[in-house]
Amino acid sequence: MQDPIAHSDSTVGRVEVKETTCYMCACRCGIRVHMRDGEVRYIDGNPNHPLNKGVICAKGSSGIMKQYSPGRITTPLRRKAGAERGASEFETISWDEAFAMLEERLGRLRAEDPKKFALFTGRDQMQALTGLFAKQFGTPNYAAHGGFCSVNMAAGMIYTIGGSFWEFGGPDLDRAKLFVMIGTAEDHHSNPLKIAISEFKRRGGRFISVNPIRTGYSAIADEWVPIKPGTDGALLMAISHEILKQGLFDRDFLIRYTNSAELVIDDPARNDHGLFYRAEMHVEEGCFDPENKLWWDRNIDGPISTHTPGADPRLMGSYKLDMDDGIPVKPAFQLLKERLESCTPEWAAEITGIPAETIRRLAHEMGVTARDQKIELPIPWTDCWDNEHQSVTGNPVAFHAMRGMAAHSNGFQTIRALAVLMTLLGTIDRPGGFRHKAPFPRPIPPCAKPPHGPEAVQPNTPLDGMPLGWPAKPEDLFVDADGGPVRIDKAFSWEYPLSVHGLMHNVITNAWRGDPYPIDTLFLFMANMAWNSSMNTSETRKMLVDKDVEGKYKIPFIVVCDTFSSETVAFADLVLPDTSYLERHDALSMLDRPISEFDGPVDAVRIPVLPPKGECKPFQDVLIELGSRLKLPAFVTAEGARKFRDYPDFIVNYETSPGSGIGFLAGWRGKNGDQVLKGEPNPKQWEMYAKNGCVFHHELPPSYQYMRNWNKGYLHWARAHGMIRYAEPITIHLYSEVLQKFRLAAQGKWPGRQPPDRLRERVETYFDPLPFFHRPLEDQLVDTVRYPLNALTQRPMAMYHSWDSQNAWLRQIHSHNYLFVNPLVGKKHGFADGDWIWVESTLSKVRCMCRFSEAVEPGTVWTWNAIGKANGAWGLGSNADESRKGFLLNHLIAEELPPSAAGEHLSNSDPVTGQAAWFDVRVRVYKAGSDEPRVTSPQFDAMPRLPGQEKQRGKWQAYMAGVFGKK
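Keep in mind it's a predicted model, so treat the numbers as computed, not measured.

Quick notes on the overall build of the protein
Part 1 of the argument: Within the protein, the secondary structure is distributed over 25 helices and 34 strands.
Part 2 of the argument: Relative to a compact globule of 967 residues, whose C-alpha radius of gyration would be 30 Å, the protein shows 27 Å and is just as compact.
Part 3 of the argument: With respect to the principal axes defined by its C-alpha atoms, the protein has extents near 90 × 75 × 65 Å.
Part 4 of the argument: Relative to its full complement of 967 residues, the protein shows a buried share of 66%.
Part 5 of the argument: Of the roughly 32,500 Å² of accessible surface on the protein, a fraction of 50% belongs to carbon and sulfur atoms.
Part 6 of the argument: Computed over 110 positive and 117 negative side-chain charges, the inter-centroid distance for the protein is 5 Å.

If you want it as structure tokens, here you go:
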């Protein structure tokens, strides 16, 4: 491939184009990196990549400036003896020294008490490897960023339909007629979603955005429906109320593919109240849903086994089973109907700020579109009950939702309400609706389970269970004999039972407090916990440097691995320099965070286009080295010899179990590279990916591409390729018996584990088997008259978390942020557009500049996330806009709810999943004094440059790397 611009220069030397996968956000587009004389000239999109089809965004094309950033760390560093944490006083050490320190310390902890080691990673894309390392080490204290990102989305939908938005599924905009987007930031799934929305609108599709803020995608919506933050659940339940009232639900879909018609025991006096009546008992491991339940058949006016040929079950009514003394039962749908009866549009209007007539119109439009504009594709398929279908049909209403719904303390039940609405409309894995992406759908809940008690943690022994999992009943919780948490973040405890992604946002506070126990070593990768990745940033920074009465740090040892001199690096005792995404191998794996398409599995790799800068080493290689040195079983032979040379060697040769043929990469398996998804290791696998654009795409037969929850052919194929354990139907849980089991435990009716008395009411309240709306927890505890405004953050399209404020090109788009407020708010409080103002919560206050915008509902203020930086961090100068004008709302967000009378500490998180409630904060705003400095507050001591950190290159960075910078 030739670079025509480069070849027009007579002085040009060696020119080449290398293909890899972008990492300027989590979208993972295919890119081409154009090189001249070994330096990056420019980056463009790979037109042959199935995800982005050659499209590239500002972030992706600016990856060159991440490579040449003055914020790069280039050598391992150790805090100087006698230096205080946070002062950034480091000395350079070798990798041999760094590994020796870690080998000695971690080896000792593993031999004494593995849970004293905690490994928490940020927005990485190799959680299968980091999770494997943690399991092999034996520590329960592992998680990635999901708990403070969108675990409510993943858990709420996977516990309902077996899949979720983002990597696991999404809207089929190729065939949808109506598209409803709720709470999705403008950078989410960036390029593919932009392409899809553009084509959708050109085909005449109608796009409705429900969001407090009209930016990004919402700016091009046909209708913007402004909503008060944290009230989406009320809107969704009111829409479902209208769908039922008008008879616009898909009855046939509900009966065939959901538990709507299954009979629920309806006798509060019984210990099995709220559970499905079972005609026979199976041994259930919480990994598939056995078909041992009953319908009430209208033909015989009595009970009948589900899916009996010719049966016609009732969805509504109340019945008594004549056997077993007349047990009262109701179909699950009847219970949902009763729940929704009071959820009128008028009720929701008072909560959401959306007029009742708008809610009715939206419900009518959704229901009529789904009913009257059906799609039929001539694709034969066979369902799990051996019924042959000559076509696939669809109801073309597509939804998309993300963190705006998830990051509230009521988010789990809100997202359950969304999944139920999608189900009522009959849109799950059908043309024009929501479609799964491999390896989903998964059983409800998925098979993996966390350990069940402290006995799972033993010296010099792998963890007995998965570090993260999907509880199906109280016995799956990771608690001790008294019901207390075993993990440092209290995940899988009675405080947050379904915390399937962990609670990274609580690790530092819990470790500082020693609750439930102190730890020794905290290892952070790509997690900026001293700045934008923590709630209540100022207090977190104090905890990182706090000492006990003996003058020792309460968190004894902190290791930080990062590519850049983030704010958190200053608090490290040991700093490990990671490579950039252009300098390393990565596997974007089906075992981890795939990039599959609707038509079949897709995975991808990164292959280095440049050598590592300085002494940088990929974090993956660091883990392989540590695993080998510590002789963790997965990384060494039975004799203790090293198994893997490095990370690329590990990726090729590792199998999930010996001889399984399943590894991290699905393409070109087998010795000859002629097998897909499953096959023995292929030593040339990396070469094959390199020859094919660094991406593998396996297209399923059309008959396997839809209705995958109940598609016999697909389910048997998925089982054969290790994606599911059983080829059983994945019935949609409109009614969640999983949640009811936890509620029964809280009521003292469950025969097994029960929560501590102090948590009974909490579990009983929030583990409702049907969606319900409750105000965010913080709303219930603060003075909402004094603090009347909701405050939100979202990522700008040109930046991703902290990663890009040091990027010389992207800084020209956003070098600082404003607080965006509706003009009515400014008028009420006496300040003008552009004024310096104070934003105050119950916790703290921030000084910043404001901008008026009609594109925000009047009860909400918002800003871009993570543009504000601490002085000197990320290689930025002392007068950088990011630290002088940029600010964080994080300083205002409470990490914990106000302590109870008993002094109990509870995370400001969803009580079901532990999702960080970033978007629940309430604030007031007022004008800053004329005598106050025109600089953001709070401010912190400047972070000095680190040893080995590159010098700033000057103005040439604003233009073209590798041209003006040459000597």
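Points about the packing of helix α11 (residues 345-352) against helix α12 (residues 356-372)
Part 1 of the argument: Look at α11 against α12: their axes get within 8 Å of each other, and the N-to-C directions meet at 120 degrees. Taken as a pair, α11 and α12 cross one another with a handedness that is right-handed. On α12, the residues that touch Pro345, Glu346, Ala348, Ala349 and Thr352 of α11 are Ala356, Ile359 and Arg360.
Part 2 of the argument: For the contact of α11 with α12, a count of residues per class yields 5 nonpolar, 1 polar and 2 charged.

Remarks on the pairing of strand β34 (residues 922-927)
Part 1 of the argument: Alignment of strand β29 (residues 789-794) against β34, held across 2 bridges, turns out to be antiparallel. Bridge pairing in β34 links Asn790 to Arg922.
Part 2 of the argument: Sheet topology places strand β31 (residues 836-840) next to β34; 4 bridges connect them, and they run antiparallel. Looking across to β34, one finds that Trp838 is bridged to Tyr926.

Quick look at the state of the cysteines
Part 1 of the argument: If you walk through the whole model with that rule in mind, you get 1 disulfide.
Part 2 of the argument: In this model, Cys287 is linked to Cys447 through a disulfide, with the two sulfur atoms separated by 1.5 Å. With Cys287 in the loop between β12 (263-265) and β13 (294-297) and Cys447 in the loop between β22 (434-436) and α15 (507-513), this residue pair connects regions lying 160 residues apart in the sequence. Of the two residues, Cys287 and Cys447, both sit in the buried class.
Part 3 of the argument: Unpaired in terms of disulfides, Cys25 finds its nearest cysteine sulfur in Cys27, a separation of 4.9 Å.
Part 4 of the argument: Assessed through its relative accessible area of 8%, Cys25 is described here as buried.
Part 5 of the argument: Note on Cys29: no disulfide assigned, nearest cysteine sulfur contributed by Cys27 at a separation of 3.9 Å.
Part 6 of the argument: Taking relative accessible area as the criterion, Cys29 reaches 6% and is therefore assigned buried.

With respect to unusual backbone geometry
Part 1 of the argument: The omega torsion of the bond from Ala438 to Pro439 falls at 10 degrees, within 30 degrees of zero and hence cis.
Part 2 of the argument: If you trace the backbone, Pro439 turns up in the loop between β22 and α15.
Part 3 of the argument: Cis geometry marks the peptide bond from Asp515 to Pro516; its omega dihedral reads 10 degrees.
Part 4 of the argument: Mapped onto the elements, Pro516 comes out in the loop between α15 and β23 (521-525).
Part 5 of the argument: Residue Asp386 is not a glycine yet carries a positive backbone phi of 65 degrees.
Part 6 of the argument: Even without being a glycine, Ala866 presents a positive backbone phi close to 70 degrees.
Part 7 of the argument: Structurally, Ala866 can be placed in the loop between β33 (860-864) and α25 (881-884).

Here we look at the pattern of salt bridges
Part 1 of the argument: Counted according to the given criterion, the structure contains 60 salt bridges.
Part 2 of the argument: Here Lys201 ties to Asp222 by a salt bridge, and the two come within 3.2 Å at their closest N and O atoms. Here Lys201, found in helix α7 (residues 190-202), pairs with Asp222, found in the loop between β10 (206-210) and β11 (223-225); they are 21 residues apart in sequence, far enough to count as distant.
Part 3 of the argument: Judged by its relative accessible area of 29%, Lys201 falls in the partly exposed class.

Concerning the packing of aromatic side chains
Part 1 of the argument: By the definition in use, this model includes 39 aromatic pairs.
Part 2 of the argument: Measuring from ring centre to ring centre gives 5.5 Å for Trp668 and Phe696, while their planes differ by 70 degrees; the resulting arrangement is edge-to-face. Linking Trp668 in the loop between α18 (647-653) and α19 (685-691) with Phe696 in strand β28 (residues 695-697), this pair joins segments that are 28 residues apart in sequence.
Part 3 of the argument: By relative accessible area, Trp668 is classed as buried at 15%.
Part 4 of the argument: Grouping aromatic residues by their ring pairs yields a cluster made of Phe117, Phe133, Phe137, Phe523, Phe525, Phe619, Phe635, Phe644, Phe650, Tyr654 and Phe664.
Part 5 of the argument: Over the ring of Tyr818 we find Arg851, and its NZ or CZ is 4.3 Å from the ring centre.

Quick word on the packing of helix α8 (residues 232-245) against α12
Part 1 of the argument: The geometry of α8 relative to α12 is characterised by a closest axis approach of 9 Å and an angle of 60 degrees between their N-to-C directions. With respect to each other, α8 and α12 are oriented oblique. Two packed elements cross with a definite hand, and for α8 against α12 that hand is right-handed. Contacts between α8 and α12 pair Leu235, Ala238, Ile239, Glu242 and Ile243 from the former with Ile359, Arg360, Ala363, Met366 and Gly367 from the latter.
Part 2 of the argument: Broken down by class, the residue content of the contact of α8 with α12 amounts to 7 nonpolar, 1 polar and 2 charged.

Notes on the environment of Leu715
Part 1 of the argument: You can see Leu715 is positioned in helix α20 (residues 712-720).
Part 2 of the argument: For the pair Leu715 and His389, spaced 326 residues apart in the sequence, the C-alpha separation amounts to 16 Å.
Part 3 of the argument: Discounting residues that sit within four places of it in the chain, Leu715 has contacts with Cys384, Arg708, Asn709, Trp710, Ile724, Ala727, Glu728, Pro729 and Ile730.

Re the nonpolar core
Part 1 of the argument: Among the nonpolar cores identified, the biggest contains 241 residues, and Met366, Phe399, Leu576, Phe635 and Phe650 are the most heavily contacted of them.
Part 2 of the argument: Ignoring anything within four residues of it in the chain, the contact list for Phe635 reads Leu129, Leu132, Phe133, Gln136, Ile624, Gly627, Ser628, Ala641, Arg642, Lys643, Phe644 and Phe650.
Part 3 of the argument: Core analysis: the second largest hydrophobic core is formed by 40 residues, Ile158, Trp470, Val486 and Phe492 among them.

Overview of the sheet that holds strand β4 (residues 77-79)
Part 1 of the argument: A sheet is described by the order of its strands in space; here 7 strands give the open sequence β5-β4-β25-β24-β23-β6-β7, paired in mixed fashion. Every interior strand has two partners, whereas the edge strands, β5 (90-92) and β7 (142-143), have only one.
Part 2 of the argument: Strand direction decides the pairing type here: β23 and strand β24 (residues 557-562), joined by 5 bridges, are parallel. Pairing of Phe525 across the sheet is with Cys561, part of β24.
Part 3 of the argument: Here helix α4 (residues 95-112) sits on the sheet and contacts β4, β6 (117-121), β23, β24 and β25 (574-577); the angle it forms with β25, its principal contact strand, is near 125 degrees.

Quick look at the side chain of Arg403
Part 1 of the argument: In this fold, Arg403 is placed in helix α13 (residues 403-406).
Part 2 of the argument: A relative accessible area of 17% means that Arg403 is categorised as buried.
Part 3 of the argument: Excluding its chain neighbours within four sequence positions, the residues that come into contact with Arg403 are Phe148, Cys149, Ser150, Gly183, Arg795, Trp918 and Phe919.

Focus: the environment of Gly170
Part 1 of the argument: Inspection of the secondary structure assignment puts Gly170 in strand β8 (residues 169-171).
Part 2 of the argument: According to the relative accessible area criterion, Gly170 is buried, its value standing at 3%.
Part 3 of the argument: Through-space distance from the C-alpha of Gly170 to that of Ala401 is 9.0 Å; in sequence the pair is 231 residues apart.
Part 4 of the argument: In this structure Gly170 touches Phe165, Gly433, Phe434, Arg435, Lys437 and Phe598, once residues within four positions along its chain are discounted.

Some remarks on the side chain of Arg762
Part 1 of the argument: Here Arg762 is to be found in helix α22 (residues 760-766).
Part 2 of the argument: One buried charge, Arg762, has no salt-bridge partner; the nearest side chain with opposite charge is Glu495, at 6.0 Å.
Part 3 of the argument: When near neighbours in sequence (up to four residues on either side) are disregarded, Arg762 contacts Glu495, Tyr496, Leu906 and Pro911.

About the cut-offs
- Residues numbered from 1 in each chain as written.
- Predicted model: local features only at pLDDT ≥ 70, side-chain atom pairs only at ≥ 80, totals over all residues.
- Heavy atoms only, no water.
- Helix = DSSP H or I, 4+ residues; strand = E, 2+ residues; numbered from the N terminus.
- Rg over C-alpha atoms; globule rule 2.2 N^0.38 Å.
- Buried < 20%, exposed > 50% of the residue type's maximum accessible area, 1.4 Å probe, protein only.
- Areas by Shrake-Rupley, 256 points an atom, 1.4 Å probe, with all protein chains shown as cover.
- Lys, Arg positive; Asp, Glu negative; His and termini not counted.
- Charge placed at Lys NZ, Arg CZ, Asp CG, Glu CD.
- Axes fitted to C-alpha atoms, helices over the stretch in contact; angles between N-to-C directions.
- Left-handed = near helix turned anticlockwise from the far one by under 90°.
- Contact = heavy atoms within 4.5 Å.
- Nonpolar A, V, L, I, M, F, W, Y, C, P; charged D, E, K, R; others polar.
- Pairing = 2+ DSSP bridges.
- Disulfide = S-S within 2.5 Å.
- Salt bridge = Lys/Arg side-chain N within 4 Å of Asp/Glu carboxyl O.
- Phe/Tyr/Trp six-rings, centres within 6.5 Å; stacked < 30°, edge-to-face > 60°.
- Lys NZ or Arg CZ within 6 Å of the ring centre and 35° of its normal.
- Parallel < 35°, antiparallel > 145°, perpendicular 65-115°, else oblique.
- Core = buried A, V, L, I, M, F, W, Y, C linked by side-chain atoms within 4.5 Å.

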